[in-house]
Amino acid sequence: MSPNPICSSSESSSTKSWIVHGVLAGAAIAAAIGARTYLGGSKRIRSRVVGIIPARYASSRFQGKPLVNILGKPMIQRTWEMSKLATTLDHLVVATDDEKIAECCRGFGADVIMTSESCRNGTERCSEALQKLEKKYDIVVNIQGDEPLIEPEIIDGVVKALQGAPDAVFSTAVTSLKPEDAFDPNRVKCVVDNRGYAIYFSRGLIPFNKSGNVNPQFPYMLHLGIQSYDSKFLKIYPGLQPTPLQLEEDLEQLKVLENGYKMKVIKVDHEVHGVDIPEDVEKIESFMREKNLS
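Residues numbered from 1 in each chain as written. Predicted model: local features only at pLDDT ≥ 70, side-chain atom pairs only at ≥ 80, totals over all residues. Heavy atoms only, no water.

Caption draft 1: Quick look at the side chain of D98. By the element assignment, D98 lies in the loop between β4 (91-96) and α3 (99-107). For D98, the residues in contact, after removing those within four places along its chain, are Y57 and M114. (Helix = DSSP H or I, 4+ residues; strand = E, 2+ residues; numbered from the N terminus. Contact = heavy atoms within 4.5 Å.)

Okay, here's the thing in structure tokens:
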């Protein structure tokens with residue numbers, strides 16, 4: 001479709017252009033007003049924070065992943081122990097639909113919230129767990145259970161980023177992408193605007209240049225799984241219909257962007273050691289031995 005000219009000799013075209021611009025402007029204003037009203041105004045202080053580690057047994061790529069042994073401890077325990085060191089969390093729980101995982105977590109002292117098997121992703125599991133917590137919280141941090149070496153400073157960073165961005169309902173973190181991970185669909189890439197808000201996430205390399213090769217001079221960014229949400233937004237998230245980009249990429253954060261909400265992104269210096277497939281366990285154990293991490 002040809003774009004409308006800025007200036008038109010046709011009164012009809014000019015009128016149509018103004019109508020289109022008016023509709024778009026009205027929609028943008030309405031969305032902004034709705035988001036601000038929903039969030040309770042830009043001055044609302046989001047101070048009470050809960051960390052939730054969603055964990056499910058029936059993973060299609062790695063069944064029973066949360067319980068996999070990593071140098072003598074279940075992976076979920078290592079994630080919980082690192083998360084406990086974050087200073088911004090008022091409370092930390094594991095949310096799961098599996099009794100084996102629940103029993104394991106209670107064994108090392110974690111609080112557990114049982115959730116339904118119908119949760120389609122970690123965000124929905126966090127949303128259900130939030131409803132079952134006795135206390136009220138302003139921010140929920142979704143801490144990926146397959147990041148056993150997550151740094152507590154990153155958890156604190158995404159919390160503070162959301163607290164400092166009242167127009168955002170979501171915050172997350174990225175780090176530098178290694179060239180060898182450029183075309184790995186398990187390594188999600190991210191692009192942001194000049195103010196640090198997310199533009200897009202993809203399993204493909206973004207941005208993608210016309211040569212089709214990795215540009216060694218470009219600062220590609222790798223998305224880290226950790227993310228925090230405004231608790232009011234998290235309650236309505238499951239009710240939002242799946243969106244085309246979300247379904248195509250199989251990335252839950254795209255539903256947030258496609259519905260017009262803002263997402264704050266921080267960049268951190270972090271060596272990624274997530275466990276996506278069974279082969280990753282040996283890699284992370286080798287790294288831990290090399291760094292003398294027990």
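After that view, the rundown keeps rolling.
Caption draft 2: Quick peek at unusual backbone geometry. In the segment running from I206 into P207, the intervening peptide bond is cis, with an omega of -10 degrees. With phi around 55 degrees, N292 is a residue other than glycine that occupies positive phi space. Among the structural elements, N292 can be located in the segment after α9 (279-290). Judged by its relative accessible area of 72%, N292 falls in the exposed class. (Buried < 20%, exposed > 50% of the residue type's maximum accessible area, 1.4 Å probe, protein only.)

Caption draft 3: Inspection of the environment of L89 at higher detail. Take L89: it is sitting in the loop between α2 (75-83) and β4. Separated by 67 residues in the primary sequence, L89 and D156 place their C-alpha atoms 7.9 Å from one another. Apart from residues lying up to four places away in sequence, L89 is in contact with V49, V50, G51, S83, V141, I143 and I155.

Caption draft 4: Geometry of the pattern of salt bridges. All chains considered together, the criterion is met by 14 salt bridges. E99 serves as the salt-bridge partner of R106, at 3.1 Å between the closest nitrogen and oxygen. Note that D280 and K283 form a salt bridge whose closest N and O atoms lie 3.9 Å from each other. Of the two residues, D280 and K283 are both situated in helix α9; the distance of 3 residues between them amounts to about one turn of the helix. Each of D181, R187 and D276 takes part in one network of salt bridges that share partners. (Salt bridge = Lys/Arg side-chain N within 4 Å of Asp/Glu carboxyl O.)

Caption draft 5: Region of interest: empty space enclosed by the protein. Going through the model one piece at a time under the given rule, you end up with 2 cavities of 30 Å³ or more. Its volume calculated, the second largest cavity comes out at about 30 Å³. In terms of lining, the second largest cavity is formed by Q144, E147, I150, L224, G225 and I226. Tallied by class, residues from the lining of the second largest cavity come to 3 nonpolar, 2 polar and 1 charged. (1 Å grid on protein atoms, 1.4 Å probe; cavity = no way out; pocket = protein on both sides within 12 Å on 5 of 7 lines; lining within 4 Å. Points joined across faces, edges and corners; volume = space filled by probe spheres on them. Nonpolar A, V, L, I, M, F, W, Y, C, P; charged D, E, K, R; others polar.)

Caption draft 6: Local environment of the packing of aromatic side chains. Taken as a whole and assessed by the stated rule, the structure comprises 5 aromatic pairs. Ring centres of F218 and Y220 lie 4.9 Å apart, and the angle between their planes is 55 degrees; this geometry places the pair in the tilted category. Overall, F218 belongs to the partly exposed group, its relative accessible area being 37%. Note on Y220: relative accessible area 6%, which makes it buried. Among the aromatic side chains, those forming a connected cluster through ring pairs are F233, Y237 and Y261. Across the ring face of Y237, the terminal group of K255 is positioned such that the distance to the ring centre comes to 4.0 Å. Across from the ring centre of Y197, 4.5 Å away, lies the NZ or CZ of K264, which sits over that ring. (Phe/Tyr/Trp six-rings, centres within 6.5 Å; stacked < 30°, edge-to-face > 60°. Lys NZ or Arg CZ within 6 Å of the ring centre and 35° of its normal.)

Caption draft 7: How the structure looks around helix α4 (residues 122-132). For α4, a buried count of 9 out of 11 residues is recorded, marking the element as mostly surrounded by other parts of the structure. Buried within α4 we find G122, T123, E124, R125, C126, S127, E128, A129 and L130.

Caption draft 8: View of the pairing of strand β10 (residues 221-230). With respect to burial, β10 is a largely interior element, 9 of its 10 residues being buried. Relative to β10, strand β6 (residues 139-142) runs antiparallel, the two being bridged by 4 bridges. Along β10, the bridge assignment pairs I139 with D230. The pairing of strand β7 (residues 170-176) with β10 spans 7 bridges and is antiparallel. Note that in β10 the partner of V174 across the bridge is H223. (Pairing = 2+ DSSP bridges.)

Caption draft 9: Quick peek at the layout of surface pockets. Of the volumes computed, that of the largest pocket is approximately 1,400 Å³. Forming the boundary of the largest pocket are 49 residues, of which R61, K65, Q144, D146 and E252 lie nearest the centre. Elements with a contribution of two residues or more to the lining of the largest pocket: β1 (49-55), α2, α4, β10, α7 (244-249) and α8 (253-258). If you tally residues by element for the lining of the largest pocket, the top one is β10, at 5 residues. Taken together, the residues of the lining of the largest pocket break down into 18 nonpolar, 14 polar and 17 charged. Of the voids in this model, the second largest pocket is the one considered here, and its volume is about 410 Å³. Lining the second largest pocket are 20 residues; nearest its centre among them are K178, D181, R187, V272 and H273. Taken together, the elements giving at least two residues each to the lining of the second largest pocket come down to β7 and α9. For the lining of the second largest pocket, the per-class residue count stands at 4 nonpolar, 6 polar and 10 charged.

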